[in-house]
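Each chain, written out:
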Amino acid sequence: MTEQNDALLVQQCLEGNVKAFEAIIDKYQKTIFNVALRIINDNDDAEDIAQTVFIKLYEKLASFDSRRKFFSWLYRMAINESLNFLNQKKRFEGLNDALLSDDKTPEESYEENEMTQQIESALMHLEPEQRALIVLKHFQNLAYQEISYIMDIPEKMVKSRLYSARQLLKDVLLRRGFVAND
Amino acid sequence: MIEQKYIELINKKIDGEITPSESVKLQDYLSRRQEAEQVHDELMATSTLLSKMHEVEPPSNLKKKILNEIRPDLYNVPQKTSLWNAIKNLIGVDFGASSHRLKYGFSFVFGLAAGLFIYSVFANNTLDEKGSVEITDLYGTIMQREASTRFTQADKASINLPQVSGTVSIKYSENLLFTELFLRASQKIDLVLEYDENLLVLNSFAKSNIDESNTLTANVNSLKLSEVGEGKYAFVFNRKTPVAVSMRFKIYSASNLLYEKSLEAAVSDE
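Just so it is clear, the structure is predicted and the values come from calculations on it, not from any experiment. (Residues numbered from 1 in each chain as written. Chains lettered and ligands numbered in written order. Predicted model: local features only at pLDDT ≥ 70, side-chain atom pairs only at ≥ 80, totals over all residues. Heavy atoms only, no water.)

So, the overall build of chain A
Link 1 in the chain: Within chain A, the regular secondary structure consists of 10 helices and 0 strands.
Link 2 in the chain: Scanning chain A from its N terminus toward the C terminus, one meets helices and strands in the order α-α-α-α-α-α-α-α-α-α.
Link 3 in the chain: Classification of the 182 residues of chain A by burial places 51% in the buried group.
Link 4 in the chain: Here the analysis covers contacts within chain A between residues at least 6 apart in sequence; of these, 63% occur between residues at least 24 apart.
Link 5 in the chain: When the accessible surface of chain A is totalled, it reaches about 9,100 Å², and 46% of it is carbon and sulfur. (Helix = DSSP H or I, 4+ residues; strand = E, 2+ residues; numbered from the N terminus. Buried < 20%, exposed > 50% of the residue type's maximum accessible area, 1.4 Å probe, protein only. Contact = heavy atoms within 4.5 Å. Areas by Shrake-Rupley, 256 points an atom, 1.4 Å probe, with all protein chains shown as cover.)

So, in structure tokens, the structure goes:
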């Protein structure tokens, strides 16, 4: 039903109905913003990425393959945009200390609780691609097959990289005492 | 040492992809191997922690920002409209049988208006003396077309204010500078474009909202468009020399400066 609705909204957009695109934004802006946020770990950058993703989505609507799931296509754009952003950032800034830093402004610390901060910080110890896998599996609950399409890697590779990412994340959380080691 | 196939089963269990028979097999293995059980418990705890992360609300103006950046007319099916039909639509009158004569009449009047305007711009500051020009009647009539003009995007900015939002961009060709604004103002605003008159001279102006009654005032080194509300506004300038130019955009509401931004266009690469 959701897929049918999405396909219908896309069709209406292509007929010049901007309200249909507003409906797509309403439906997916929170998801796309959160995907970017968990990969980038910066609200402003995540907002910019979400904005760029939707603008590109609008421009590419005519190329949407209706045999595909619309949200997978959208996720794919969001993941690519986030990873490209980090690549660019790394190229210009060298070591990405800001991402690894646990130092937050007082406002940020006030707003976030300890657990969320620690998980966000632990996620930043993963490679961006590993982080994307964790985001898609654990925060978006997508199947291996969907992740395979979104990340453009074979399903077998999705599994092995996801297992490694989870293992690494577990080790970081373990060191910080957020996962019990009985 | 945990066997690889059981590590895989632990991960499949976490991902909800394990089959009942695999689950039994894993359970049996875990009951016999304390080390494996520990890894299992730690990974499960990690997964549980991740599930406690809540989604964050996106900024409230994200949707508005996106809509300001897209081209609403991108997917409009283009309809072939002749200049005469456009004029009829513009003034909302069907002339019936007398259409043919009126068609030539309008062409003449439009041509005359366009000619007078271009003359006033190029023949030195008639506009300055006159002060202002009511542009409504000149809608879409005064652009000098260049054969196969290709514009290059030079600079672009977003406007996100409580009173007004939109985008402003400049494009250039070898001989022209094209300035395009999409604006949505909650109250009437005045738009000022500042530029070096030694480098640019106004060629033409057009707007999408024909119901809006604006006043275009030309001064030395600047143009002022008053009573702007909502729509698309385009200014075309002739470039006197092919050097880099900048244009400063200012938005006023009741004489208060709300927004100010300079955009740059490089030397033409054509």
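Re the packing of helix α10 (residues 155-175) of chain A against helix α3 (residues 34-51) of chain B
The relative placement of two packed helices is expressed as an angle between their axes plus a distance between the axes.
Link 1 in the chain: Between α10(A) and α3(B), the shortest axis-to-axis distance is 9 Å and the interhelical angle comes to 85°. Between α10(A) and α3(B), the crossing angle belongs to the class labelled roughly perpendicular. Seen from α10(A), the contacting residues are Arg166(A), Gln167(A), Leu169(A), Lys170(A), Leu173(A) and Leu174(A); seen from α3(B), they are Glu42(B), Leu43(B), Thr46(B), Leu49(B) and Leu50(B). (Axes fitted to C-alpha atoms, helices over the stretch in contact; angles between N-to-C directions. Parallel < 35°, antiparallel > 145°, perpendicular 65-115°, else oblique.)

Looking at the interface of chain A and chain B
Link 1 in the chain: Opposite the 50 residues of chain A that make contact, chain B presents 35 residues.
Link 2 in the chain: For Arg166(A), the salt bridge goes to Asp15(B), with nearest N and O atoms at 2.6 Å.
Link 3 in the chain: The interface formed by chain A and chain B contains 14 residue pairs in polar contact (both at pLDDT 80 or more).
Link 4 in the chain: Broken down by secondary-structure element, the contributors of at least two residues to the side of chain A that touches chain B are α1 (2-14), α2 (18-40), α3 (43-60), α7 (114-123), α8 (128-139) and α10 of chain A.
Link 5 in the chain: A per-element tally of the side of chain A that touches chain B places α2(A) first, with 12 residues.
Link 6 in the chain: In terms of residue class, the side of chain A that touches chain B is made up of 27 nonpolar, 10 polar and 13 charged. (Salt bridge = Lys/Arg side-chain N within 4 Å of Asp/Glu carboxyl O. Polar contact = N/O pair within 3.5 Å; in protein donor to acceptor, adjacent residues only side chain to side chain. Nonpolar A, V, L, I, M, F, W, Y, C, P; charged D, E, K, R; others polar.)

Concerning the confidence of the model for chain B
All names here are of chain B.
Link 1 in the chain: Taken as a whole, chain B shows an average pLDDT of 78; of its residues, 73% reach a score of 70 or greater.
Link 2 in the chain: Taking the mean pLDDT of every element in chain B, the minimum, 39, falls on helix α7 (residues 126-130) and the maximum, 95, on helix α2 (residues 20-32).
Link 3 in the chain: Segment residues 92-97: pLDDT under 50, and 5 contacts once partners within four positions in sequence are set aside and those in other chains are kept.
Link 4 in the chain: Below a pLDDT of 50 lies the segment residues 124-138, which in the model reaches 36 contacts outside its immediate sequence neighbourhood of four places, other chains included. (pLDDT = per-residue confidence, 0-100.)

Focus on the pattern of salt bridges
When the charged atoms of two side chains with opposite charge come close together, those side chains can pair.
Link 1 in the chain: Counting across every chain of the model gives 28 salt bridges over all chains.
Link 2 in the chain: Residue Lys56(A) is joined to Glu81(A) by a salt bridge in which the shortest nitrogen-to-oxygen separation is 3.0 Å. With a gap of 25 residues between them, Lys56(A) in helix α3 and Glu81(A) in helix α4 (residues 70-93) connect regions that are remote in the sequence.
Link 3 in the chain: Salt-bridge contacts for Glu194(B) lead to Lys250(B); the nearest nitrogen and oxygen are separated by 3.0 Å. Note that Glu194(B) is positioned in strand β4 (residues 176-194) and Lys250(B) in strand β8 (residues 245-253), a separation of 56 residues in sequence.
Link 4 in the chain: Accessibility expressed as a relative area gives 27% for Glu194(B), which makes it partly exposed.
Link 5 in the chain: Members of the salt-bridge network, linked through shared partners, are Lys19(A), Glu22(A), Asp26(A) and Lys63(B).

Digging into α3(B)
Link 1 in the chain: Under the 1.5 Å per step criterion, the end-to-end length of α3(B) is 26 Å for 18 residues, consistent within 8% with the ideal 26 Å.
Link 2 in the chain: Within the sequence span of α3(B), burial applies to Ala36(B), Val39(B), His40(B), Glu42(B), Leu43(B), Thr46(B), Ser47(B), Leu49(B) and Leu50(B).
Link 3 in the chain: Looking at the buried residues of α3(B), the elements they touch are α7, α8 and α10 of chain A together with α1 (4-14) and α2 of chain B. (Expected span 1.5 Å × (residues − 1).)

Observations concerning the packing of aromatic side chains
Residue and element names in this part refer to chain A.
Link 1 in the chain: Here the structure, examined in full by the defined rule, presents 10 aromatic pairs over all chains.
Link 2 in the chain: Counting every residue linked through ring pairs, the aromatic cluster contains Tyr28, Phe64, Phe70 and Trp73.
Link 3 in the chain: Positioned above the aromatic ring of Phe139 is the side chain of Arg38, whose terminal nitrogen or guanidinium carbon lies 5.9 Å from the ring centre. (Phe/Tyr/Trp six-rings, centres within 6.5 Å; stacked < 30°, edge-to-face > 60°. Lys NZ or Arg CZ within 6 Å of the ring centre and 35° of its normal.)

Re the confidence of the model for chain A
Link 1 in the chain: In this model, chain A carries a mean pLDDT of 86, and residues with pLDDT of at least 70 account for 84%.
Link 2 in the chain: Here residues 95-104 of chain A scores under 50 on pLDDT; set against residues more than four positions off or in separate chains, the count is 15 contacts.

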